[in-house]
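# Report on the structure
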Amino acid sequence: MSNLLHLASLGALALSPMAAAAPSTHTNFKQCVQLQVPVPVVATNYHYTMMPQVDSNIDAIDWTVNVTTWSSKPAKDRISGPVPVDRTFSISAQLCVPSETGDKAEILQIATPGLGFDKRYWDAEIKPEEYSYVDAAVKKGYSILTYDRLGTGKSDKPDAYDIVQIPTEVEVLAGLTRLARSGELISSSKVLSTAGGKTTIPDFKASKIVQVGHSFGSFLITSMLTLYGDLADGAILTAFLINTQLGKIDVLHYDHEFARQHDPVRFGEYPSGYFVLNTESCIQKLFFRKGAFEPKMLTYAEKIKQPETVGEYASEGPPSPAPEFKGPIHFFNGEFDNFVCLGDCRDTYLEEETRNMYPGASDIYPYLQPNTGHALTLATNASAGYEVMLQYLDSQGL
Ligand SMILES: *[C@@H]1O[C@H](CO)[C@@H](O)[C@H](O)[C@H]1NC(C)=O
Ligand SMILES: *[C@@H]1O[C@H](CO)[C@@H](O)[C@H](O)[C@H]1NC(C)=O
């Protein structure tokens, strides 16, 4: 039946004179459009001195050792001065809306991937009916914007030391959120298409915003809510939990290679200071739990992996409180997340510390997804997890 419907809609598209000009992909339940969004950013980054440059695989390991050596100065003590950033970045984004508009279609989820991934983390091309969070959200009636963080995918890849840092990435997310709220997301973007630049999605204005993050993406969201508590009506922070084991896995636990040397074909355009996880085994260690993933999804993670920057690591610090955020917040974590909880998230959650971080939140709901590691969207039980996340939003009136 659904195959028939699908064929029928393809037939309708083929007959439509608009079809050739329509860059949006149209399946029977969703319409998506690929955008290149110019996002103006004003932020203050920092320049870090005595930070090794990474221009080779040997440099990448030297950086690892350097920043984890006990006698080395922590990054915050290597700051030599501010780096004012005032420029417009080109950000690759995908907007998907439900084909049949219901009362949730004006609620926009904005999903931010973590380190090592671009927007495909939320929208796996393998068995999307099981793994794509985008599809799960749209099937429940939400609209969803996914994007490539600065320095990944089809977004700009500026200087890895002074530019691709947390303050700038926070402002990219804030900028995208404001565009979606004001209804200028599509009109201000380049709509990627083969002809005409037309889209079948009329300009889209979000009445409510839910920020969804994975790991470092969740960290960017909470950092944004510290500055602008009103840029979310709700938040789902996945692979991010304030817990007794947080921060125990440092970069000495995994190995990077210089992106361009690691794979000149995939990463040829990446300059100095961008590195990638070196092997599939390393990705397994950080992101997957045996028995709870299909091996082809590990291979897929390796295939879609993305570079990270020296500046992203240098600018990391403990999260700050976000007292102005008034919505509900859901912490959705793999039970056996190696990266977040040193392998076991049970009995590690710090409830009072979390409440103190978000004193204005209308509700706080931590949940451990059984038998799952750090890459929640690539685990076998991913879709049951999406039910938990999406039902939570619904229960909070979102
Ligand atoms: C770390 O690297 C910087 C810059 O190359 C260097 O000055 C410093 O001595 C290194 N620290 C250690 C512990 O090797
Ligand atoms: C799959 O996830 C759901 C939702 O969290 C959970 O109730 C169920 O027990 C999980 N199944 C397995 C086999 O872990």
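Residues numbered from 1 in each chain as written. Chains lettered and ligands numbered in written order. Predicted model: local features only at pLDDT ≥ 70, side-chain atom pairs only at ≥ 80, totals over all residues. Heavy atoms only, no water.

### A word on the overall build of the protein chain
Summing up its helical and strand segments, the protein chain has 14 helices and 13 strands in all. Relative to the 2.2 N^0.38 estimate, which gives 21 Å for 398 residues, the radius of gyration of the protein chain is 21 Å and therefore close to what a compact globule would have. Seen through its C-alpha atoms, the protein chain measures out along the principal axes to roughly 65 × 45 × 40 Å. Relative to its full complement of 398 residues, the protein chain shows a buried share of 55%. Taking the contacts inside the protein chain whose residues are at least 6 apart along the sequence as the reference set, 80% of them involve residues at least 24 apart. For the protein chain, the accessible surface area stands at approximately 16,400 Å², while carbon and sulfur atoms represent 55% of it. (Helix = DSSP H or I, 4+ residues; strand = E, 2+ residues; numbered from the N terminus. Rg over C-alpha atoms; globule rule 2.2 N^0.38 Å. Buried < 20%, exposed > 50% of the residue type's maximum accessible area, 1.4 Å probe, protein only. Contact = heavy atoms within 4.5 Å. Areas by Shrake-Rupley, 256 points an atom, 1.4 Å probe, with all protein chains shown as cover.)

### As for helix H6 (residues 216-227)
For H6, with twelve residues, the first-to-last C-alpha span of 17 Å sits near the 16 Å given by 1.5 Å per residue. Among the residues of H6, those classed as buried are Phe216, Gly217, Ser218, Phe219, Leu220, Ile221, Thr222, Ser223, Met224 and Leu225. Buried residues along H6 sit in contact with strand E4 (107-112), helix H5 (166-182), strand E7 (208-214), strand E8 (234-238), helix H11 (310-314) and helix H13 (351-357). (Expected span 1.5 Å × (residues − 1).)

### Considerations on the site of ligand 2
Within the structure, ligand 2 sits among Tyr367, Gln369, Pro370, Asn381, Ala384 and Val388. Between ligand 2 and Asn381 there is a distance of 2.3 Å, counted from an oxygen atom to a side-chain nitrogen or oxygen. Here ligand 2 loses 51% of its free accessible area of 360 Å² to cover by the protein chains. Going through the elements one at a time, strand E13 (363-369) and helix H14 (382-395) are the ones with two or more residues in the shell around ligand 2. Looking at side-chain class alone, the shell around ligand 2 contains four nonpolar, two polar and no charged residues. (Near = heavy atom within 4 Å. Polar contact = N/O pair within 3.5 Å; in protein donor to acceptor, adjacent residues only side chain to side chain. Nonpolar A, V, L, I, M, F, W, Y, C, P; charged D, E, K, R; others polar.)

### Things to note about H14
Helix length check: H14 (14 residues) gives 20 Å between terminal C-alpha atoms against 20 Å at 1.5 Å per residue, within 8%. Of the positions making up H14, those classed as buried are Ala382, Gly385, Tyr386, Val388, Met389, Leu390, Tyr392 and Leu393. Following H14 by one or two positions, Gly397 has its phi on the positive side, about 75°.

### Things to note about the pattern of salt bridges
When the charged atoms of two side chains with opposite charge come close together, those side chains can pair. Summed over all chains, the structure comprises 17 salt bridges. A salt bridge links Arg149 to Glu169; the nearest nitrogen and oxygen atoms lie 3.0 Å apart. With Arg149 in the loop between strand E5 (143-147) and H5 and Glu169 in helix H5, this pair connects stretches of sequence that are 20 residues apart. Taking relative accessible area as the criterion, Arg149 reaches 1% and is therefore assigned buried. A salt bridge links Asp263 to Arg266, with the shortest nitrogen-to-oxygen separation between them at 3.0 Å. Each of the salt bridges in this network shares a partner with another, and the network as a whole consists of Lys127, Glu130, Glu294 and Lys296. (Salt bridge = Lys/Arg side-chain N within 4 Å of Asp/Glu carboxyl O.)

### So, the site of ligand 1
Near ligand 1 you find Met50, Pro52, Asn66, Thr69 and Ser72, and these make up its full shell. A distance of 2.2 Å separates an oxygen atom of ligand 1 from a polar side-chain atom of Asn66. By residue class, the composition of the shell around ligand 1 is two nonpolar, three polar and no charged.

### Details of the pairing of E4
Counted residue by residue, E4 has six buried out of six residues, so it is predominantly covered. With six bridges joining them, E4 and E7 adopt parallel strand pairing. Considered in E7, the bridge of Gln109 is made with Val210. (Pairing = 2+ DSSP bridges.)

### Some remarks on a nonpolar patch on the surface
Side chains of Ile61, Val65 and Leu252 sit close together on the surface and give an oily, nonpolar patch of about 250 Å² of accessible area. Look at Ile61 and you get partly exposed, because its relative accessible area is 36%. (Patch = residues over 30% accessible without salt bridge, like charges linked within 9 Å, V, L, I, M, F, W, Y side chains within 5 Å.)

### Looking at the side chain of Asp337
One can find Asp337 in the loop between strand E12 (328-334) and helix H12 (338-341). For the buried residue Asp337, which engages in no salt bridge, the nearest side chain bearing the opposite charge is Arg289, 11 Å off. (Lys, Arg positive; Asp, Glu negative; His and termini not counted.)

### So, the confidence of the model for the protein chain
Residues of the protein chain with pLDDT of at least 70 account for 91%, and the chain-wide mean is 92. Below a pLDDT of 50 lies the segment residues 1-22, which in the model reaches 13 contacts outside its immediate sequence neighbourhood of four places, other chains included. (pLDDT = per-residue confidence, 0-100.)

### Remarks on the packing of H5 against H6
Two numbers describe how H5 lies on H6: the axes approach to 9 Å, and their chain directions differ by 75°. Classified by the angle between their axes, H5 and H6 sit roughly perpendicular to one another. Contact residues: Ile166, Glu169, Val170, Glu171, Leu173 and Ala174 in H5; Phe216, Phe219, Leu220, Ile221, Ser223, Met224 and Leu227 in H6. The residue makeup of the contact of H5 with H6, split by class, is ten nonpolar, one polar and two charged. (Axes fitted to C-alpha atoms, helices over the stretch in contact; angles between N-to-C directions. Parallel < 35°, antiparallel > 145°, perpendicular 65-115°, else oblique.)

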